[in-house]
Amino acid sequence: MLTADAREAARRAVDEARASLGGLPPALAVLFASAHFFGSAEDLAAAVAEQAGPVPLIGCVAEAVAGGPREVESEPAVSLWLAAGLGPVETYAMEFVRTSSGGTFGGYRFDAEPGGVHLMLCDPFTFPAGDLLAHLNEHVPGTVVMGGMASGGLRLNQSRLFLDGRVLAEGAVGAHLPQAEVHPLVAQGCRPVGDPYTTTRAEGNVIFELGGRPPVVRLQELAAALSSRDRELLVQGLQVGVVIDEYRAESRQGDFLIRSVVGADPESGAIAVGEEIAVGQTVQFHVRDAESADEDLQRTLAREAAVLGGRRAAGALLFTCNGRGSRLFPGPDHDAGLIAKMLGKIPVAGFFCAGELGPVGGQNFLHAFTASIALFPGAIG
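What you see is a predicted model, and the numbers here were worked out from it, not measured in a lab.

## Comments concerning the overall build of the protein
Here's step 1: Across its full length, the protein holds seven helices and 25 strands.
Here's step 2: A compact globule built from 381 residues would reach a C-alpha radius of gyration of about 21 Å, and the protein, at 21 Å, matches this within 12%.
Here's step 3: Seen along its three principal axes, the alpha-carbon backbone of the protein occupies a region of about 65 × 50 × 40 Å.
Here's step 4: Residue pairs at least 24 apart in sequence account for 80% of intrachain contacts in the protein once pairs closer than 6 positions are excluded.

Here you go:
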């Protein structure tokens, strides 16, 4: 709803979301509000709770939001998604407490027998979501986590997370849907260029050698071999893709965990990336590319349409990177519009994330430049 008035935005959003349920009682509410509502987050949450009634709710304030086929990147906007027939819904808050040995997660314990899906929205300044996902991958395999990092604030204590009738400034909020059928879809926004290399020397997040040579040298060789268009993309935003499945014979777009190159040392030829890299891991340089990002999302949605067969999608939650939208694509509404085009005009809510959560190859990851979509199929028959 395009209004900066919290109560009016809540009223319109609830009315529209309720209409999509056809009279069924809502089992879950997901609320996203643009950064214009940072100062009125409490008023908005209270107004939505008053209008929608006692329904479990999670959400956050974000840089920009999506609703239906639209992505609203600069105007005040609220997007509310209501779902029915999900089975039991458990909402929760989590926190990360630093300790002398590193830290511990508290507030919620994940079931030893995973089922359904967890929707999670996290504060990027106080909640290391990547560490939680790595822990779940190792100790609670089979757990599925979808969601994103809140993008509504630029500093500590500027995030706003919604949990039922409350507003939190740190940690994470989640909803466990143990019986709901959810199809996780993850589409990349970068494509590989050049050749993959085995990391032969690294320490922490610094890579000193790729295939026995400094990464900067490898990068210079790559740049010399690329087309002028790809060289320009390389300059605009160099990324490194870390192969997710080392046992796959050949990696393609979508088989990498994308991380930014955050620094380089011309003397040693080393580069620093936004992830710890181990010796033996395979990496490949990537570029952000609107054309291949569009193609990958189209492929992802086409595969999902084939999986659904003649079954209609009931709705979806879209967690798209804040580096996508009009910052990447030539026109507005790209990701939300493509969902509507390929899966029908279903109820969709989403936001532009500072990192997206979604599974690839049975493992949960914190992504960059992706569109991570939690798709809810309609009833059979």
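More follows now that the structure is in view.
## Considerations on the packing of aromatic side chains
Here's step 1: In this structure the tally under the stated criterion is nine aromatic pairs.
Here's step 2: On the numbers, 6.4 Å between centres and 85 degrees between planes, the contact of F32 with F319 is edge-to-face. Here the residue F32 occupies a position in strand β1 (residues 28-34), and F319 occupies one in strand β21 (residues 313-321), the gap between them amounting to 287 residues. You'll find F32 and F319 in the same group, each marked buried.
Here's step 3: Ring centres of Y92 and Y108 lie 3.7 Å apart, and the angle between their planes is 10 degrees; this geometry places the pair in the stacked category. Linking Y92 in strand β6 (residues 90-97) with Y108 in the loop between β7 (104-106) and β8 (117-122), this pair joins segments that are 16 residues apart in sequence.
Here's step 4: We classify Y92 as buried; its relative accessible area is 4%.
Here's step 5: Of the aromatic side chains, those joined through ring pairs into one cluster are F32, F319 and F351.
Here's step 6: Between the NZ or CZ atom of R201 and the centre of the ring of F208, over which it lies, the distance is 4.3 Å.

## Describing helix α5 (residues 228-236)
Here's step 1: For α5, every residue scored as buried is listed here: D230, L233 and L234. Projected onto a plane normal to the axis of α5, the buried residues spread over an arc of 105 degrees and lie on a single side. Exposed residues pointing more than 90 degrees away from the buried face of α5 are listed as S228, E232, V235 and Q236.

## Quick look at the pattern of salt bridges
Here's step 1: In the structure shown here, the tally under the stated rule is 15 salt bridges.
Here's step 2: Here E8 makes a salt bridge to R12, at a shortest N to O gap of 2.9 Å. With a gap of four residues between them, E8 and R12 both fall in helix α1 (residues 6-19), about one helical turn apart.
Here's step 3: Relative accessible area serves as the criterion here: at 33%, R12 is assigned to the partly exposed category.
Here's step 4: Residues R229 and D289 are paired through a salt bridge, measuring 2.8 Å at the closest nitrogen-oxygen approach. On the criterion of sequence distance, the pair formed by R229 in helix α5 and D289 in the loop between β20 (282-288) and α6 (290-308) is long-range, its members being 60 residues apart.

## Some words on the packing of α6 against helix α7 (residues 334-343)
The description of two packed helices rests on the angle between their axes and on the distance between the axes.
Here's step 1: Axis separation between α6 and α7 bottoms out at 10 Å; the angle between their running directions is 30 degrees. By the angle class used here, α6 and α7 are roughly parallel. For the pair α6 and α7, the crossing hand works out as right-handed. Of the residues in α7, those touching α6 at D294, L297, Q298, L301, A302, A305 and L308 are H334, D335, L338, I339, M342 and L343.
Here's step 2: Broken down by class, the residue content of the contact of α6 with α7 amounts to nine nonpolar, two polar and two charged.

## Some details on the pairing of strand β13 (residues 183-187)
Here's step 1: Counting buried positions along β13 yields four of five residues, so the element is predominantly enclosed.
Here's step 2: Of the pairings in the sheet, the one linking β13 to strand β25 (residues 371-377) comprises five bridges and is antiparallel in character. Within the sheet, the bridge partner assigned to P184 lies in β25 and is A374.

## Notes on unusual backbone geometry
Here's step 1: Even without being a glycine, N157 presents a positive backbone phi close to 70 degrees.
Here's step 2: Structurally, the position occupied by N157 is in the loop between β9 (145-149) and β10 (161-163).

## What to know about the nonpolar core
Here's step 1: Within the largest apolar cluster, 32 residues are counted, with the highest numbers of intra-cluster contacts made by F32 and L317.
Here's step 2: L21, A41, A45 and L57 belong to the second largest nonpolar core, which has 24 residues in total.

Definitions and limits used
Residues numbered from 1 in each chain as written. Predicted model: local features only at pLDDT ≥ 70, side-chain atom pairs only at ≥ 80, totals over all residues. Heavy atoms only, no water. Helix = DSSP H or I, 4+ residues; strand = E, 2+ residues; numbered from the N terminus. Rg over C-alpha atoms; globule rule 2.2 N^0.38 Å. Contact = heavy atoms within 4.5 Å. Phe/Tyr/Trp six-rings, centres within 6.5 Å; stacked < 30°, edge-to-face > 60°. Buried < 20%, exposed > 50% of the residue type's maximum accessible area, 1.4 Å probe, protein only. Lys NZ or Arg CZ within 6 Å of the ring centre and 35° of its normal. Arc of directions from axis to C-beta. Salt bridge = Lys/Arg side-chain N within 4 Å of Asp/Glu carboxyl O. Axes fitted to C-alpha atoms, helices over the stretch in contact; angles between N-to-C directions. Parallel < 35°, antiparallel > 145°, perpendicular 65-115°, else oblique. Left-handed = near helix turned anticlockwise from the far one by under 90°. Nonpolar A, V, L, I, M, F, W, Y, C, P; charged D, E, K, R; others polar. Pairing = 2+ DSSP bridges. Core = buried A, V, L, I, M, F, W, Y, C linked by side-chain atoms within 4.5 Å.

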